[in-house]
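Each chain is listed here by its residues.
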Amino acid sequence: MSNLLEINNLSIDVKIEKSYYNIVNRLSLSIAKKQKYGIVGESGSGKSLTSVAIMNLLADSLSVSEGQILFEETQELTTLSNKEMMKIRGKDISIIFQEPMTALDPIFTIEYQISEVLKIHFNHSKKEMREMIISILKDVGIPRPESIMKSYPHELSGGMRQRVVIAMALICKPKLLIADEPTTALDVTIQAQILELMNELTEKYDTSILMITHDLGVINETCERVAVMYAGEVVEESSVDSLFSHPKHPYTQGLLKSIHTLGDRSEKLYSIPGNVPTPTQLKKHGCRFASRCPHVMDLCKEETPPYVEVSEDQVSKCWLHTERGEYNEQGQKASVASEEYEKTFSD
Amino acid sequence: MNKVKKPVLQVKNMKKHFPIKGGIIKRTKNHVRAVDGISFDVQEQETFSLVGESGCGKSTTGRSILRLTEPTDGEVYFNGEEVLGCTQKEFRKYRKDMQMIFQDPFSSLNPRMTVKSLLLEPLMTHKLYSKKEALNKVYEIAERVGLSKEQVSRHPHEFSGGQRQRISIARALIMNPKLIILDEAVSALDVSIQAQILNLLIDLQKEFKLTYVFISHDLNVVKHLSDRIGVMYLGQMMEMTTTESLFNNPLHPYTTSLLSAIPSYDRNKKKDRIVLKGDVPDPANPPSGCPFRLRCPQAHELCETHKPVYQEVEDNHWVACHLYNEGIPERKRIRL
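Undergrad: Can you tell me about the overall build of chain B, naming the residues and giving the values?
TA: Within chain B, the secondary structure is distributed over 10 helices and 12 strands. Each principal axis of the C-alpha atoms in chain B carries an extent, and together these give about 65 × 60 × 45 Å. For chain B, restricting intrachain contacts to residue pairs at least 6 apart in sequence, the fraction spanning at least 24 positions comes to 63%. Total accessible area on chain B stands at roughly 15,700 Å², and carbon and sulfur atoms take up 48% of it. The averaged location of the 39 negative side-chain charges in chain B is 5 Å from the averaged location of its 49 positive side-chain charges.

Here is the structure:
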């Protein structure tokens with residue numbers, strides 16, 4: 001299967017007072033055609049920046065220092081000029097942002113804002129455009145599209161606005177849809193509506209999805225493959241099935257454990273100690289999760305762990321899976337400790 | 001449960017209507033019925049949660065109990081004393097026993113004050129201790145919530161979100177309150193930090209014998225923390241019961257669909273999801289009869305014409321829905 005999008009060793013730096021700090025470190029992932037891919041991570045893990053970098057929309061203080069983003073195996077998105085990028089944005093790759101209020105311009109009607117995308121990429125007549133807009137608004141489940149398209153964003157509710165944003169993103173039938181926390185600002189009942197709608201529409205339009213979220217539940221509901229990010233790095237990359245049934249990286253294990261103990265009142269809620277390091281606190285060498293890891297070894301603090309293929313469809317960035325990480329400080333076999341953990345986890 | 005049951009807080013038929021003003025002379029045209037007749041009791045050392053979607057009035061309820069917005073109607077009893085009737089000045093003596101923690105740890109702490117002065121302020125306002133005693137108290141509480149002595153002299157911007165929420169908790173705790181109202185206290189935090197703060201809240205509750213009113217939209221968090229839960233919709237209580245029976249035996253159609261909408265973490269269990277149609281109606285023009293009827297999968301004619309009675313259909317299980325009207329003895333019905 002050929003890859004629609006391939007990111008190789010992408011690094012992004014931020015410039016703070018004349019010095020550069022690395023915030024996304026050597027990130028690699030590939031999204032196949034029609035695949036639903038998820039990136040999950042806490043705030044500050046660099047997941048949104050990755051999506052912004054794909055769209056070539058990084059702010060001035062941010063820069064890609066290394067790596068490439070290949071779209072359809074030929075186009076290198078990081079080197080394209082703004083003019084060339086304009087042809088791709090909205091047509092081949094489109095993006096949905098978290099806040100439907102700020103994504104829509106308050107002073108233009110819904111019809112005008114959706115038609116803008118069509119004007120840039122196609123040469124349709126006004127009548128054709130109107131018909132296209134009405135049909136896409138119907139597709140995203142907006143009642144009375146003829147009258148709703150004449151209204152302004154403030155007249156619509158949050159869920160309706162997000163539907164409009166989805167309509168706008170899908171009207172050119174893009175090959176890749178990036179959804180950056182599309183349901184975070186919405187209520188659960190509306191979130192369920194929107195996720196269902198996105199699943200339906202991407203099937204219908206043969207679109208690949210890159211779903212960016214902090215919520216593993218959303219990943220479980222929508223995605224096939226997932227990359228877990230921590231402090232600017234992918235720590236684990238796997239199929240969603242494997243990730244939920246046997247997480248390998250200690251960070252993923254911790255996340256899932258804290259989710260699973262939530263709601264079980266007899267047990268103390270599992271929590272990962274400490275905080276996510278800020279970009280200025282990050283060290284050049286060693287594992288970025290070392291300060292919070294329950295299986296930490298001396299090795300972890302000195303040398304950066306490699307990516308290890310732990311099973312057919314699962315890659316984890318941890319010393320535990322290698323020969324060198326076999327024994328931890330207490331002389332206990334670390335991989336055994338991890339297995340024990342998994343056992344308690346699966347019960 | 002071997003706790004001595006005694007209601008710390010009783011809310012009776014509380015209403016909060018915000019006027020909508022318009023025209024040249026700013027005449028009141030209509031009201032937004034943010035909270036429209038809510039009643040509940042909170043027992044000592046209990047965690048009572050209010051859940052619902054945005055705009056259902058759960059935060060307004062919390063703020064009205066503390067009179068941060070004056071309720072339009074109703075009664076609130078704190079330890080058996082009516083507190084809505086007294087003046088704001090008289091109400092002050094209750095304030096040290098009733099504290100609040102807000103959602104956004106970035107805007108609820110004054111950026112120009114150090115943590116020390118933030119924590120000292122309530123003690124000085126209520127003139128309970130001498131300066132020296134107060135300072136000792138500040139260090140003691142700060143340490144309890146996990147802040148070191150050096151950190152206490154820093155400003156809020158130097159802390160992460162989770163740490164800031166610890167400061168907010170310390171500020172609420174320093175008055176030795178009986179009741180803390182937590183308005184979306186962990187919603188702005190990441191999963192791993194959220195777990196830390198929830199554990200802290202649970203430990204503190206045991207240690208200081210606290211009573212919590214926990215306001216949240218996150219049902220997973222609510223499930224973990226609460227003893228009893230009230231589900232709100234459009235300013236009204238739809239269902240109220242213990243955590244166990246709400247999650248295992250939800251009675252109201254709204255609760256059922258709300259529970260089914262939570263994204264599941266279980267790979268093997270794909271739930272049958274009830275996806276609700278449409279949005280929450282405008283609280284300025286609520287539908288006639290049952291507020292939920294426009295989105296309810298089980299709505300019938302009666303729901304349009306008659307407002308369902310909020311009644312105890314099972315032991316400790318209150319529901320406002322016509323589905324449970326039959327077979328309920330007349331004396332059990334309580335009209336609001």
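Picking up where we left off.
Undergrad: Any details on the environment of L156(A)? Residues and values, ideally.
TA: Residues and elements named next belong to chain A. Relative to the elements of secondary structure, L156 occurs in the loop between α6 (145–148) and α7 (158–170). Separated by 90 residues in sequence, L156 and H246 have C-alpha atoms that sit 43 Å apart. L156 has contacts with I110, I148, S151, R161 and V164, leaving out every residue within four places of it along the chain.

Undergrad: Describe in detail the sheet that holds strand β1 (residues 3–16) of chain A, supporting the description with residues and values.
TA: Residues and elements named next belong to chain A. Strands sit in the order β2-β1-β4-β5 across an open sheet of four strands; the sheet is antiparallel. Strands at the two margins of the open sheet, each flanked by one partner only, are β2 (19–32) and β5 (75–76). Sheet topology note: the β1/β2 ladder contains 10 bridges and is antiparallel. In the sheet register, I7 faces β2, and the bridge partner there is L29. Along the sheet, helix α1 (residues 47–54) contacts β1, β2 and β4 (62–71); its crossing angle with β1, the most-contacted strand, is approximately 115°.

Undergrad: I'd like a description of helix α3 (residues 115–125) of chain B, backed by residues and values.
TA: Three or more residues of α3(B) are buried, namely V115(B), L118(B), L119(B), L120(B), P122(B) and L123(B). Those residues of α3(B) hidden inside the fold are in contact with α4 (131–144) and α5 (161–173) of chain B.

Undergrad: I'd love a proper account of the packing of α5(B) against helix α6 (residues 191–208) of chain B, names of residues and values included.
TA: In helix packing, the relevant descriptors are the interaxial angle and the interaxial distance, both defined with respect to the helix axes. All names here are of chain B. Direction vectors running N to C along α5 and α6 enclose 15°, while the axes themselves pass 10 Å from each other. Between α5 and α6, the crossing angle belongs to the class labelled roughly parallel. Between α5 and α6 the crossing geometry is right-handed. Residues G162, Q165, R166, I169 and L173 of α5 form the contact with α6, whose own contacting residues are I193, Q196, I197, L200, L201, L204 and F208. When the residues that make up the contact of α5 with α6 are grouped by side-chain class, the tally is eight nonpolar, three polar and one charged.

Undergrad: Kindly report on the interface of chain B and chain A, identifying the contributing residues and their values.
TA: Contact residues are listed per partner, giving 35 residues for chain B and 42 residues for chain A. Taken over both partners, the interface formed by chain B and chain A buries close to 3,400 Å², and the fraction arising from carbon and sulfur atoms is 50%. In this assembly, chain B and chain A are joined by one salt bridge. Taking the shortest distance from any N to any O, the salt bridge between K268(A) and D203(B) comes out at 3.2 Å. Along the contact surface separating chain B from chain A lie 11 residue pairs in polar contact (both at pLDDT 80 or more). Here the side of chain B that touches chain A takes eight residues from α6(B), the largest share from any one element.

Undergrad: I'd like a description of the packing of aromatic side chains, backed by residues and values.
TA: A full pass over the atoms with the stated rule returns 11 aromatic pairs over all chains. Residues Y233(B) and F292(B) carry aromatic rings whose centres are separated by 5.2 Å and whose planes lie at 85° to one another, so their mutual orientation is edge-to-face. Here F292(B) lies in the loop between α9 (253–261) and α10 (301–305) and Y233(B) lies in strand β9 (residues 228–233), a separation of 59 residues in the sequence. Just as Y233(B) is buried, F292(B) falls in that class too. An aromatic cluster of three or more residues is present, and its members are Y230(A), Y251(A) and F289(A). Across the ring face of F91(B), the terminal group of R67(B) is positioned such that the distance to the ring centre comes to 5.1 Å.

Undergrad: Quick rundown of the side chain of K317(A)? Include the residues and the values.
TA: Residue and element names in this part refer to chain A. As for its position among the elements, K317 is in strand β12 (residues 314–317). In terms of polar contacts, K317 uses its side chain to reach the side chain of E233, at 3.1 Å. Discounting chain neighbours no more than four positions away, the residues touching K317 are E233, V234, V235, H249, T304, P305, P306 and Y307.

Undergrad: Which residues make up the state of the cysteines, and what values do they have?
TA: Taken as a whole, this structure holds zero disulfides over all chains when the rule is applied. With no disulfide of its own, C290(B) lies 5.9 Å from the sulfur of C303(B), the closest cysteine sulfur.

Undergrad: Describe in detail helix α8 (residues 188–205) of chain A, supporting the description with residues and values.
TA: Residues and elements named next belong to chain A. The terminal C-alpha atoms of α8 lie 26 Å apart, and with 18 residues this matches the ideal 26 Å at 1.5 Å per residue to within 8%. In terms of burial, α8 is a largely internal element, 13 of the 18 residues being buried. Where α8 terminates, the next one or two residues include D206, which has phi positive at roughly 55°.

Cut-off values and rules
- Residues numbered from 1 in each chain as written.
- Chains lettered and ligands numbered in written order.
- Predicted model: local features only at pLDDT ≥ 70, side-chain atom pairs only at ≥ 80, totals over all residues.
- Heavy atoms only, no water.
- Helix = DSSP H or I, 4+ residues; strand = E, 2+ residues; numbered from the N terminus.
- Contact = heavy atoms within 4.5 Å.
- Areas by Shrake-Rupley, 256 points an atom, 1.4 Å probe, with all protein chains shown as cover.
- Lys, Arg positive; Asp, Glu negative; His and termini not counted.
- Charge placed at Lys NZ, Arg CZ, Asp CG, Glu CD.
- Pairing = 2+ DSSP bridges.
- Axes fitted to C-alpha atoms, helices over the stretch in contact; angles between N-to-C directions.
- Buried < 20%, exposed > 50% of the residue type's maximum accessible area, 1.4 Å probe, protein only.
- Parallel < 35°, antiparallel > 145°, perpendicular 65-115°, else oblique.
- Left-handed = near helix turned anticlockwise from the far one by under 90°.
- Nonpolar A, V, L, I, M, F, W, Y, C, P; charged D, E, K, R; others polar.
- Buried area = accessible area lost by both parts, 1.4 Å probe.
- Salt bridge = Lys/Arg side-chain N within 4 Å of Asp/Glu carboxyl O.
- Polar contact = N/O pair within 3.5 Å; in protein donor to acceptor, adjacent residues only side chain to side chain.
- Phe/Tyr/Trp six-rings, centres within 6.5 Å; stacked < 30°, edge-to-face > 60°.
- Lys NZ or Arg CZ within 6 Å of the ring centre and 35° of its normal.
- Disulfide = S-S within 2.5 Å.
- Expected span 1.5 Å × (residues − 1).

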